[in-house]
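Structure at a glance
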Number of protein chains: 2
Amino acid sequence: MKDRKIGIVGLGRMGGNMARCLKDKGYQISVVHDVRPDVATSLAEEIGATAATALAEVTALSDVILTVVTDDAAMDAIFHGEDNLFSGAEGRLFINCATLTPEVHRKLERDAAAVGAECLEACMASSIPQARNGELFLMIGGKQEVFDATRPLLDHLSKALHYVGAAGKASEVKALVNMVMNINTAALAEGLGIGDALGLDLKMLCEVFSHTGANSRVLETDAEDMINRDHECYFSAAHAAKDSGIAIGLAKEQGIEAPVAEATLRQFTRLTEMGGGELDKSGVAELTFRGRALS
Amino acid sequence: MKDRKIGIVGLGRMGGNMARCLKDKGYQISVVHDVRPDVATSLAEEIGATAATALAEVTALSDVILTVVTDDAAMDAIFHGEDNLFSGAEGRLFINCATLTPEVHRKLERDAAAVGAECLEACMASSIPQARNGELFLMIGGKQEVFDATRPLLDHLSKALHYVGAAGKASEVKALVNMVMNINTAALAEGLGIGDALGLDLKMLCEVFSHTGANSRVLETDAEDMINRDHECYFSAAHAAKDSGIAIGLAKEQGIEAPVAEATLRQFTRLTEMGGGELDKSGVAELTFRGRALS
């Protein structure tokens, strides 16, 4: 797919680094766009692309458009706002990377078809370094034939690629991944917070956790940050709240109870309301260590 | 310590297998005891020990006594009942392996001192096969010099041994280990239960979990059992409820909030009240998969 012009919309730490990655691998990044024009201009200069000021310009200058925005509302704005990506979109392929409510992906596929375009959802279960190095874990939803045709590009972005099913299915998986991750994170924060209050050696406690049924991926990635209050953001508390909320919404639609996910959502929501939404998810430990509370 | 006579009280799957393990390694198991006399008789025959009918008999026939009972109440019964292990206990060493409220261990150390005996708490973060093979993960609380003197025996029971601090400290660590494990277990049950209701391929979902921030030890040990409803007991739901309750009690004493642990405790308590207390902790999935509820 290196003969096709690529546009990227949403140049946060994920989108910006996916652009750099594809550029390094020999793709033509023709155009980039962000709601912050200076971010778009800066990246455009770095990688030799055009910084579009209008979304319709992205569509005009690209064959394949990756969207890497934050949430349902941002997605609605870029596809259904006055200036939008569907303008003149016939023959275009949109690869949508945000973690969204599954129904948004299903509707987007229908809306794209109405203007003669195709869509894939490409949910990412990885973070910034993986985006930069083309080592994302990607879950793809959409039509099988569109996935097959797009596979070379997706392979260059990822080290693991799962075709999950129809549009919306990848978002369902992604929401559950993040729901479980968020619970495990909140669990770790409670364990370390109580241990700290009891005067336990937290390094010893983490080592014990690692050898027992308390072990988890978030123990590896977040425990030290929780202890050191280093909440530099890889995956924000606000995103954690959003994704747990999506998963709980799915549970409710299906009549499944998820009280532990709900208690976790309340923690991340509380942290966000206290002003900690842009902290990394490890910031939930600010609620469980004595005398912190973001002080 | 192979010259010392060993007694074992509490011959459930852990205690019974620790007895077999020590026997295999050349220790003299002189006497065993259980509230179920037939269980004691059967094990005594198997390993060539005396089956004591009275606890005082265990003390009379042993130098070192391992207690492997279930909870605070059982511990109180064997040490403070009419017939009890403190009768004639001068010079004896008690190694107490149950996960108890930390204060119980502190009081036990004081009470033992009053009759001229010593105590160690030896909390186990492992399960039945590890007990049988002398590969337990042990956390020890008590006096450092008592630990040092007992180390050869403890090494034969374990593959990892941590001296954690004064009496009660090992129970604190253990309660936190199990609290975090229980939350991660309940999280997994919610993720799989919602995924099942959405019609996702649960094998695929588990594989995705394993490659992402949702990965955990309980994903390895419990996911398949949750999917297959195979709740043969390694660590019971009732024990999960007990240990989460101990941890939450510690949190409350310290003024630390642990709402996710509390939501998890409610799940394991509910499962126990529904009659599922003797299911493995994986049985919590019975509450989160559509149409199950122990049916």
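Residues numbered from 1 in each chain as written. Chains lettered and ligands numbered in written order. Predicted model: local features only at pLDDT ≥ 70, side-chain atom pairs only at ≥ 80, totals over all residues.

**Remarks on the domain arrangement of chain A**
All names here are of chain A. Convention followed: Where a domain begins and ends is set by an automatic assignment or by a domain database. Think of it this way: build a C-beta for each residue from its backbone, and any pair within 7 Å is a contact.
Looking at chain A, the domain boundaries give domain 1 (5–167) and domain 2 (172–287). The straight-line distance from the C-alpha centre of domain 1 to that of domain 2 is 28 Å. Contacts between domain 1 and domain 2 engage 10 residues on the former and 12 residues on the latter.

**Side note on the relation of the copies chain A and chain B**
The relation between the two copies of this chain is a rotation about an axis and a shift parallel to it. For the record, the criterion: The least-squares superposition of copies is restricted to C-alpha atoms, and to residues with a pLDDT of at least 70 in both copies.
Once turned by 180 degrees and shifted 0.0 Å along the axis, chain A lies on chain B with an RMSD of 0.0 Å. Here the copies are linked by what is in effect a two-fold axis. Minimal C-alpha separation from the rotation axis in chain A is found for Ser 216 of chain A, amounting to 1.9 Å.

**A word on the nonpolar core**
As a reminder of what qualifies: Here a nonpolar core is just a set of buried residues of the types Ala, Val, Leu, Ile, Met, Phe, Trp, Tyr and Cys, joined wherever their C-beta atoms sit within 7 Å. Around each residue's C-beta, the other C-beta atoms within 10 Å are counted; 20 or more make the residue buried, 12 or fewer make it exposed, and counts in between make it partly exposed. All C-beta atoms are placed from the backbone.
Residues Val 32 of chain A together with Val 32 of chain B are the most contacted members of the largest nonpolar core, which totals 209 residues. For Val 32 of chain B, the residues in contact, after removing those within four places along its chain, are Ile 8, Leu 11, Ala 19, Ala 40, Leu 43, Ala 44, Ala 49, Ala 51 and Ala 52 of chain B.

**Thoughts on the interface of chain A and chain B**
Just so we agree on the cut-off: Each helix corresponds to a stretch of at least 4 residues labelled H or I by DSSP, and each strand to a stretch of at least 2 residues labelled E; elements are numbered beginning at the N terminus. For this scheme, ten residues count as nonpolar: Ala, Val, Leu, Ile, Met, Phe, Trp, Tyr, Cys and Pro. Four count as charged, namely Asp, Glu, Lys and Arg, and the remainder, Gly too, count as polar.
Taken together, the contacts link 55 residues of chain A with 55 residues of chain B. Elements represented by at least two residues in the side of chain A that touches chain B include exactly β7 (136–142), β8 (158–165), α8 (169–197), α9 (202–210), α10 (217–228), α11 (237–254) and α12 (259–276) of chain A. Examining the composition of the side of chain A that touches chain B, we find that 18 residues originate from one element, α8 of chain A, more than from any other. Looking at the side of chain A that touches chain B, its residues break down into 34 nonpolar, 15 polar and 6 charged.

**Overview of the pairing of strand β6 (residues 118–124) of chain A**
All names here are of chain A. Quick reminder of the rule: Only strands joined by at least two bridges in the DSSP assignment are considered to pair. Place the viewer so that the strands point away; then a crossover is right-handed whenever the path from the first strand over the helix to the second strand goes clockwise.
Counting buried residues along β6, 7 of its 7 residues qualify, which places the element largely inside the surrounding structure. Residues Glu 118, Leu 120, Ala 122 and Met 124 point to one face of β6 and Cys 119, Glu 121 and Cys 123 to the other, with burial holding for every one of them. In this structure, strand β5 (residues 93–96) lies alongside β6, joined through 4 bridges in parallel fashion. Bridge pairing in β6 links Asn 96 to Glu 121. Of the crossover connections in this fold, the one passing from β5 over helix α5 (residues 102–114) to the parallel β6 is right-handed. As defined by bridge partners, β6 adjoins β7 across 5 bridges and the pair is classed as antiparallel. By the bridge assignment, Ala 122 is partnered in β7 with Ile 140.

**Section: the environment of Ile 246 of chain A**
Residues and elements named next belong to chain A. Relative to the helices and strands, Ile 246 resides in helix α11. We classify Ile 246 as buried; it has 24 C-beta atoms within 10 Å. Sequence separation between Ile 246 and Pro 102 is 144 residues; the distance between their C-alpha atoms is 8.5 Å. Ignoring sequence-local partners within four residues, the contact set of Ile 246 consists of Thr 101 and Ala 175.

**Concerning the sheet that holds strand β5 (residues 93–96) of chain B**
Either a parallel or an antiparallel arrangement is found when strands of a sheet pair, and the pairing is made through backbone hydrogen bonds. The sheet built from 8 strands is open, its strands ordered β3-β2-β1-β4-β5-β6-β7-β8 (chain B) with mixed pairing. Bordering the open sheet on either side are β3 (50–51) and β8 (158–165) of chain B, each of which pairs with just one other strand.

**Focus on the packing of α9 of chain A against α10 of chain A**
Residue and element names in this part refer to chain A. Note the following rule: To obtain each axis, a line is fitted to C-alpha atoms, and for helices this fit is confined to the stretch in contact; angles are then taken between N-to-C directions over 0 to 180 degrees. Angles are sorted into four bins: roughly parallel if under 35 degrees, roughly antiparallel if over 145, roughly perpendicular if 65 to 115, and oblique for all others. For any pair of crossing helices, the crossing counts as left-handed if the nearer helix is rotated counterclockwise from the farther one by less than a right angle, and right-handed if it is rotated clockwise.
Look at α9 against α10: their axes get within 11 Å of each other, and the N-to-C directions meet at 165 degrees. Comparing the axis directions of α9 and α10 gives the class roughly antiparallel. Note that α9 runs across α10; the crossing there is right-handed. Residues Leu 202, Cys 206, Phe 209 and Ser 210 of α9 form the contact with α10, whose own contacting residues are Leu 219, Ala 223 and Ile 227.

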